[in-house]
Amino acid sequence: MDVFNLDRFVIDQYKAFSRSFTKIKSPEISSKVNALYDERRFWPEPLLQINPHYASGGSIRDFVNGGLLEPECADVFKDKWGPAAQPDPSLKLRKHQEQAISFAKERQSYVVTTGTGSGKSLCFFIPIIDAAIRAKKAGGGAKTRAIVIYPMNALANSQAKELEGYLGSATGGLVTYARYTGQESNEDRELIKANPPDILLTNFMMLELLMTRQSDLDRKVLQNCEGLQFIVLDELHTYRGRQGADVAMLMRRLRSRIGDPKNPPLCIGTSATMASEGAQHEKNEAVARIASQIFGADIGPDAVVTETLKRVTNPVKIGGKGLTGLSDAVLSASKGNVAQGRKNSDFFDDPLAIWVETRIGLKNVETKPERAKPISLEEAAKTLSADCGLDEDICAQALREALIGYSVPEKDRVQGSKEYSPLFAFKLHQF
């Protein structure tokens, strides 16, 4: 799919729709309105962002072999995208997921602040499911061991689907889960009351109702949570202002009512964005302070999990005016088919791939790589033009062709390949 053409098509269609309600007869007014549309004031050029690669954190099997996870976790968390015949089908983890599991095993509350699509939900689902398996093997009865709280029902629905992919049916499996958000029928709620799930997915408004309503059903659902082991707040950055204060009070009431003072629940927060200014330690301090205020728990800056990124092109080379072969690579890419038939490893020394990764994908590549801020294709083409000396239109076309090619999984570019990952996936953010 050419996402650039798709973006242009969607904008053109919406532009035509938005202008279809009014016919402007005045030439002067019509001219001014046309000028506003032509300068893209209402729909600016989309911002381009490269999905980075993450440092490895081993596999679920490694944690099982090390005694940190129950053996059943290797059967639950399997690589759904890799080839079926791989030697170790257990899920491959990223460094931040490994760190989160380690915090959970040490019973230390933590916050995960990594980018969209980085696998934040596994940072809490893995330790929660492991703890549920461990408790049941030790003879623990049916009870709710974790409450995962979302700001929107859509997120709860999405996460329920993710759990279904790992655990199968919501009831009757090794570990059970249920959604309790206000969308459920009375029959479903009665089932949750009678058969407490290990994991309860809800939203903060429904949790407030569970805490305040006096029906037998609500009281029983909450009673089933006594001795709770985990409280998770997803999208922690959404709780600010008055709503943030309300949720902070809710967390304190929840912990007081169903938490065990001798073994308080582990508090876990996740967020893609919480602090964007200052050095990393200053960001961690800000995130830890906010999380501590919301949960009413002690979360230090050392318990803030951030993403660890890695280069996939030659780490000793950086995009710029001195990059050998860049202009030839740009000219070649502008003609299309830049990635067809080539493995990801074939781009290790490719000048354009190096330029894309180090100029628009990452920053601080010589120290600790971090995600670069999104930029427009126009801005990226100008920078590439300055670095390679070619016309901006050629650079823009080369970037479009390259990014589309890079985003295709290797198995779809190279016959016989079993590698499911693309070289670089990317996003277009249209505002």
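Quick note: structure is the one above.
Caption draft 1: Expanded view of the sheet that holds strand β1 (residues 47-50). Strand order in the open sheet formed by three strands is β15-β1-β16, and the pairing between neighbours is antiparallel. Both outer strands of the open sheet, β15 (375-376) and β16 (426-429), are each paired with one neighbouring strand and no more. Two strands pair when backbone bridges link them, and β1 and β16 are joined in this way by four bridges, in the antiparallel orientation. Counterpart to leucine 48 in the pairing with β16 is leucine 428.

Caption draft 2: Examining the pairing of strand β9 (residues 230-233) more closely. Residues Phe230 and Val232 line one face of β9 and the alternating positions Ile231 and Leu233 line the opposite face, and both faces are buried. Sheet topology places strand β6 (residues 146-150) next to β9; four bridges connect them, and they run parallel. Paired with alanine 146 across the two strands is phenylalanine 230, which belongs to β9. Alignment of β9 against strand β10 (residues 266-271), held across four bridges, turns out to be parallel. In the strand pairing of β10, phenylalanine 230 is matched with leucine 266. Each parallel crossover has a hand, and for β9 linked through helix α11 (residues 241-258) to β10 it is right-handed.

Caption draft 3: Examining the side chain of threonine 181 more closely. One can find threonine 181 in the loop between β7 (177-179) and α8 (186-194). Residue classification places threonine 181 among the buried positions, given a relative accessible area of 6%. Setting aside residues no more than four positions away along its own chain, threonine 181 makes contact with Asn153, Ala156, Leu201, Thr202, Asn203 and Met206.

Caption draft 4: Spotlight on the pattern of salt bridges. Enumeration according to the criterion identifies 22 salt bridges in this entry. Note that arginine 342 is salt-bridged to aspartate 350, the shortest N-O span being 3.3 Å. Where salt bridges share partners, they join Glu70, Glu72, Lys105, Asp130, Arg134 and Lys137 into one cluster.

Caption draft 5: How the structure looks around the side chain of threonine 313. Mapped onto the elements of the fold, threonine 313 is located in the loop between β12 (309-310) and α13 (326-334). Residue classification places threonine 313 among the buried positions, given a relative accessible area of 0%. Within the structure, threonine 313 has its side chain in polar contact with the side chain of arginine 311 (distance 2.9 Å). Here the side chain of threonine 313 touches glutamate 357 through a polar contact of 2.3 Å, side chain to side chain. Not counting chain neighbours up to four residues away, the residues in contact with threonine 313 comprise Phe347, Phe348, Ala353, Ile354, Glu357 and Phe424.

Caption draft 6: Highlighting the state of the cysteines. Per the stated rule, a full pass over the model turns up zero disulfides. Cysteine 225 takes part in no disulfide bond, and the closest cysteine sulfur, belonging to cysteine 267, lies 14 Å away. According to the relative accessible area criterion, cysteine 267 is buried, its value standing at 0%.

Caption draft 7: Structural view of the packing of aromatic side chains. According to the stated counting rule, one finds 13 aromatic pairs in the structure shown. Ring geometry for tyrosine 14 and phenylalanine 17: centres 5.8 Å apart, planes at 45 degrees, overall tilted. Here phenylalanine 17 and tyrosine 14 lie together in helix α1 (residues 3-18), a separation of three residues that amounts to about one turn. Under the relative-accessibility criterion, tyrosine 14 is labelled partly exposed at 45%. Relative to tyrosine 406, the ring of phenylalanine 347 lies with its centre 5.4 Å away and its plane at 80 degrees, an arrangement referred to as edge-to-face. Of this pair, phenylalanine 347 sits in the loop between α13 and α14 (351-361) while tyrosine 406 sits in helix α16 (residues 392-406), placing them 59 residues apart in sequence. Among the aromatic residues, those joined into a cluster by ring pairs are Tyr14, Phe17, Phe21, Tyr37, Phe42 and Trp43. Its end group placed over the ring of tyrosine 180, arginine 189 keeps NZ or CZ at 5.8 Å from the ring centre. In this structure, lysine 411 is placed above the aromatic ring of tyrosine 420, and the distance from its NZ or CZ to the ring centre is 5.2 Å.

About the criteria used
Residues numbered from 1 in each chain as written. Predicted model: local features only at pLDDT ≥ 70, side-chain atom pairs only at ≥ 80, totals over all residues. Heavy atoms only, no water. Pairing = 2+ DSSP bridges. Helix = DSSP H or I, 4+ residues; strand = E, 2+ residues; numbered from the N terminus. Buried < 20%, exposed > 50% of the residue type's maximum accessible area, 1.4 Å probe, protein only. Right-handed = clockwise from strand over helix to strand, strands pointing away. Contact = heavy atoms within 4.5 Å. Salt bridge = Lys/Arg side-chain N within 4 Å of Asp/Glu carboxyl O. Polar contact = N/O pair within 3.5 Å; in protein donor to acceptor, adjacent residues only side chain to side chain. Disulfide = S-S within 2.5 Å. Phe/Tyr/Trp six-rings, centres within 6.5 Å; stacked < 30°, edge-to-face > 60°. Lys NZ or Arg CZ within 6 Å of the ring centre and 35° of its normal.

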